[in-house]
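The chain contents come next:
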Amino acid sequence: MKNLKEALISNTQSEKENEKGRALPENYVIEGNLRIKSEVAILLPTYCEAGNVARLIEEIENLGINPLILVVDDSSPDGTANVVRHLQNKYSNIVLIIRPSKRGLGTAITDSFKFLLSLEHPPKYVITMDADFSHNPRDIKRLLHVAKKGYNLVIGSRYCKGGKAENWSPIRVLISKIANFIASVLLGLSTKDCTSGLRCYSKALLKHIVNDLHSHTYEIQIETIRCATNKGFYIAELPITFTSRKIGKSKLTFNEIKNFLGYIAKTKFRSYISVPQQLFVKKFSPIYMVLMRNYAEMLARLKNLM
Ligand SMILES: Nc1nc2c(ncn2[C@@H]2O[C@H](COP(=O)(O)OP(=O)(O)OP(=O)(O)O)[C@@H](O)[C@H]2O)c(=O)[nH]1
Ligand SMILES: [Mg+2]
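Residues numbered from 1 in each chain as written. Chains lettered and ligands numbered in written order. Predicted model: local features only at pLDDT ≥ 70, side-chain atom pairs only at ≥ 80, totals over all residues.

J.: Where do I start with the site of ligand 1 in this structure?
T.: Close contacts around ligand 1 come from 22 residues, with Pro45, Ala108, Ala131, Ser250 and Lys251 the closest. Elements represented by at least two residues in the shell around ligand 1 include exactly β3 (40-46), β4 (68-73) and α5 (105-117). A class-by-class count of the residues in the shell around ligand 1 yields seven nonpolar, five polar and ten charged. (Near = placed C-beta within 6 Å. Helix = DSSP H or I, 4+ residues; strand = E, 2+ residues; numbered from the N terminus. Nonpolar A, V, L, I, M, F, W, Y, C, P; charged D, E, K, R; others polar.)

In structure tokens, the structure reads:
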């Protein structure tokens, strides 16, 4: 087992790569072949998904696209990492990152983006999906097809025409709808499903936004859409059927919902204060200039007196 920084440094010799390695925490462990050359990476964040992850990886392997499968596990107490290790004996395209404790979905995704971009052969497309079979692995090819048309972010959407969520409890439907309503009304996002975790990101997009991502938990899904929109990248939505998880427990807790609402409130507040600030500087800049000139003159006089 290698420390992530060491693994990156030993596999990528250039100084630039080493700098990127240093940007990642020292206490992560990485296992697998970092020299994999694949056009597509599939990112599976896991926390206690031992009952799902093996079958999911097998189904992804059977798609025939030979992707790099990256599992980011937060030291799940149910032994998810061991299940993945077992599969690494069978398939050479699986990389496992183990973080020392549960650190949230948002940081799992951002850490993975940083890691993938620092590889010797960074993938051109990065798919993110839940590891609980809520997302159908067969949709991966559909997402890639649209991404290859030039869309930088393709979202598997439950709320665009043709999309749906099956067997979801009324409370989960309500939480999801409210979260999307808040995101579209308060942040002005035009995407219909802003919280879906099934996505395809282009390398170009990730390079531009990775350093702007600071979410800890589920708000990452909104933050990535905002960053892509603000920077003028192309976003598409593709209808999917989302299925409620059958094995394992949801990790969506009150804390995650609190973080999500906190992110929306903070972002909205920032947009309120930045507009008057910009107006103020524009409108009063002549006054500002006069004040500055007087201040400079005063300093010069003081200097002459001394
Ligand atoms: N590494 C990591 N993965 C996480 C964390 N929290 C959630 N996940 C994973 O992120 C994915 C989405 O989490 P879920 O618990 O399915 O959340 P959800 O889809 O809103 O809830 P469900 O109703 O259970 O489907 C799953 O693969 C989880 O195992 C975390 O803190 N760290
Ligand atoms: Mg889920």
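So that's the structure; there's more coming.
J.: Explanation requested: the packing of helix α3 (residues 53-61) against helix α4 (residues 80-88) in the structure shown.
T.: How two helices pack is summed up by the angle between their axes together with the distance between the axes. The N-to-C vectors of α3 and α4 enclose an angle of 35°; their axes lie 9 Å apart at closest approach. When the axes of α3 and α4 are compared, the crossing they make is right-handed. Contact with α3, carried on its side by Val53, Ala54 and Ile57, involves Thr80, Val83, Val84 and Leu87 of α4 and no other residues of that element. Within the contact of α3 with α4, the residues separate by chemical class into six nonpolar, one polar and no charged. (Axes fitted to C-alpha atoms, helices over the stretch in contact; angles between N-to-C directions. Left-handed = near helix turned anticlockwise from the far one by under 90°. Contact = placed C-beta atoms within 7 Å.)

J.: Where do I start with the nonpolar core in this structure?
T.: Taken as a class, soluble globular proteins show a tendency for nonpolar side chains to be buried jointly. Membership of the largest hydrophobic core comes to 62 residues, with the highest contact counts inside it found for Ile42, Leu70 and Ile127. Considering each element in turn, this core owes the most residues, six residues, to α5. (Core = buried A, V, L, I, M, F, W, Y, C linked by C-beta atoms within 7 Å. Buried ≥ 20, exposed ≤ 12 C-beta atoms within 10 Å, placed from the backbone.)

J.: How should unusual backbone geometry be read in this particular structure?
T.: In terms of backbone geometry, most residues other than glycine have negative phi values and most peptide bonds are trans. Notably, Asn66 is not glycine yet its phi reads approximately 45°, a positive angle. Among the secondary structure elements, Asn66 is positioned in the loop between α3 and β4. Look at Asn66 and you get partly exposed, because 14 C-beta atoms sit within 10 Å. Non-glycine residue Phe133 carries a positive phi angle of around 70°. Here Phe133 lies in the loop between β6 (125-128) and α6 (139-147).

J.: Is there a simple way to think about helix α7 (residues 170-187) in this case?
T.: A turn of α-helix holds 3.6 residues, and therefore any two residues three or four places apart point the same way. Here α7 spans 25 Å end to end across 18 residues, near enough to the 26 Å set by a 1.5 Å rise per residue. What α7 keeps buried is the set Ser176, Ala179, Asn180 and Ala183. For α7, the buried positions fall inside an angular range of 90° around the axis, keeping them on one side. Along α7, the residues that are exposed and aim more than 90 degrees away from the buried face are Pro170, Ile171, Leu174, Ile178, Phe181 and Val185. Of the residues trailing α7, Gly188 is marked for its positive phi of about 70°. (Expected span 1.5 Å × (residues − 1). Arc of directions from axis to C-beta.)

J.: Honestly, the pairing of strand β7 (residues 153-157) in this entry has me stumped. Any pointers?
T.: In regular strands, side chains alternate between the two faces of the sheet. Taking burial as the measure, the five residues of β7 include five buried ones, the bulk of the element. What you see with β7 is no split at all: Leu153, Ile155 and Ser157 on one side and Val154 and Gly156 on the other are buried throughout. Bridging between β7 and strand β9 (residues 199-202) involves three bridges; their strand directions are antiparallel. By the bridge assignment, Leu153 is partnered in β9 with Tyr201. The pairing of β7 with strand β10 (residues 235-239) spans five bridges and is parallel. Bridge assignment links Leu153 to a residue of β10, and that residue is Ile235. (Pairing = 2+ DSSP bridges.)

J.: Sorry if this is basic, but what is going on with the pairing of β4 here?
T.: In terms of burial, β4 is a largely internal element, six of the six residues being buried. Going residue by residue along β4, you find Leu68, Leu70 and Val72 tucked away on one face and Ile69, Val71 and Asp73 tucked away on the opposite face as well. In terms of strand pairing, β3 meets β4 through six bridges, oriented parallel. Bridge pairing links Thr46 to Asp73 in β4. For the crossover from β3 across α3 to β4, the handedness is right-handed. The pairing of β4 with strand β5 (residues 94-98) spans five bridges and is classified as parallel. Paired with Leu70 across the bridge in β5 is Val95. In this fold, the crossover linking β4 to β5 by way of α4 has right-handed handedness. (Right-handed = clockwise from strand over helix to strand, strands pointing away.)

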